[in-house]
Every structure is written in C-alpha cells, then in structure tokens.
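Coordinate analysis (summary)
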Amino acid sequence: MKTLYTAEALASGEGRDGAARSNDGRLAVDLASPLELGGSGQGTNPEQLFAAGYAACFHSALRLVGRKAGADLTDSAVAAKIHLGQLDGGAGFGLAAELEIALPALDLATAEDLVAKAHQVCPYSNATRGNINVDLKILEYAA
C-alpha cells in the first residue's frame, strides 16, 4: 500500500473511560462506557467514533463511484451502526457493522450496483472485509 495520509490519535486515562485526542488537536473527546455496559454514558465511546468514521468514509466512496457513473446522488446519506458483543465461547469481544444507505433519487438496481462498488472502494470496508460482519441495507430509493 502506498500511504497517502496518516491519522494520529492518543488515548489516555482508563481506556474506555479516559480521553482521546488527535495529534493536531482537531479531535479531543472525553470517553465513557455506555450505560448499556455499566458506564456513565457521559462521553463518547470507541464504537460511536467507528460508526461516524465508517458512515463518512462509505458515503464518500459512494459519492465517488456515483459521480463516475453519472448518478443522481441528491439527498444521499449513510448511517452506521456498530455492534459490540461477546464472541461465541466467551473468549473476547467482537464487532459487527450495519450500514443503512439512502439513495432516494435512484432506482433499486442502480442503488445496489453503486453500493456494491462503494463497498469495494471504501477503506473501512476493505479493512473490515473478512474480519467482521458488515450488513449493507438500502433503506431509501426511488420507486
């Protein structure tokens, strides 16, 4: 891989109950375990950060392949859900992802084609492929 950009961040404190910041200071967040995991919920958590990153990255890939295809991407959007769970056998923890995609100006066949192409282009999709389950759902398209 030819590196085009490197992001840097530091986590400190108690891990999930600490803080994280980027080396340039543009990102600085307090971290807290969610209420569902017994935490205070008074900060963001790694799964929320992953969800935001994956949603933005996939949407960018979708817009790239859509522009190349001359597709109407009006009001397109991507929402990500990142699930944290215990692995079968209780040996550790794992993640799963759902991407909910809106392409309201496109018919379903065109939307499916662009989503498949974006899934091949997106760096997050390439990083997760074969490692975690990623469920792609087209929730909105032109009838």
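Residues numbered from 1 in each chain as written. Predicted model: local features only at pLDDT ≥ 70, side-chain atom pairs only at ≥ 80, totals over all residues. Heavy atoms only, no water.

Further remarks concern the layout of surface pockets. With a probe scaled to a water molecule rolled over the atoms, the places where space remains empty come into view. Here the largest pocket defines a volume of roughly 150 Å³. Lining the largest pocket, in full, are Tyr5, Thr6, Ala7, Glu8, Ala9, Ser22, Asn23, Asp24 and Leu27. Looking at the lining of the largest pocket residue by residue, the class counts come to four nonpolar, three polar and two charged. (1 Å grid on protein atoms, 1.4 Å probe; cavity = no way out; pocket = protein on both sides within 12 Å on 5 of 7 lines; lining within 4 Å. Points joined across faces, edges and corners; volume = space filled by probe spheres on them. Nonpolar A, V, L, I, M, F, W, Y, C, P; charged D, E, K, R; others polar.)

The biggest cluster of nonpolar side chains holds 22 residues, and the ones touching the most others in it are Tyr54, Phe58, Leu62, Val78, Ile101 and Leu103. Contributing elements (two or more residues each) for this core: helix 1 (46-69), strand 4 (77-86), strand 5 (93-103) and helix 2 (108-121). In terms of residues, this core owes the most to one element, helix 1, which gives eight residues. The residues touching Tyr54, leaving out its near neighbours within four places in the chain, are Ile82, Ala97, Leu99, His119, Cys122, Tyr124, Ser125, Thr128 and Val134. (Core = buried A, V, L, I, M, F, W, Y, C linked by side-chain atoms within 4.5 Å. Buried < 20%, exposed > 50% of the residue type's maximum accessible area, 1.4 Å probe, protein only. Helix = DSSP H or I, 4+ residues; strand = E, 2+ residues; numbered from the N terminus. Contact = heavy atoms within 4.5 Å.)

Our focus in this paragraph is the pattern of salt bridges. Going through the model one piece at a time under the given rule, you end up with six salt bridges. The salt bridge partner of Glu100 is Lys81, with a shortest N-O separation of 3.2 Å. A residue pair is termed long-range when its members are at least 10 positions apart, and Glu100 in strand 5 and Lys81 in strand 4 qualify at 19 residues. Taking the shortest distance from any N to any O, the salt bridge between Lys137 and Asp135 comes out at 3.8 Å. For Lys137, a relative accessible area of 28% corresponds to the partly exposed category. Within the structure, one salt-bridge network assembled from shared partners comprises Glu98, Asp135 and Lys137. (Salt bridge = Lys/Arg side-chain N within 4 Å of Asp/Glu carboxyl O.)

Across all of its chains, the model carries three aromatic pairs by this definition. Relative to Tyr54, the ring of Phe50 has its centre 6.0 Å away and its plane inclined at 20°; by these criteria the two rings are stacked. One end of the pair, Phe50, and the other, Tyr54, are both in helix 1, four residues apart, so they sit about a helical turn from each other. Ring geometry for Phe50 against Tyr124: centres 5.8 Å apart, planes inclined by 25°, an arrangement best described as stacked. Residue Phe50 is found in helix 1, and its partner Tyr124 is found in helix 3 (residues 123-128); the two are separated by 74 residues along the sequence. When its relative accessible area of 29% is taken as the criterion, Tyr124 is described as partly exposed. (Phe/Tyr/Trp six-rings, centres within 6.5 Å; stacked < 30°, edge-to-face > 60°.)

None of the figures reported here should be taken as evidence of function without further support.
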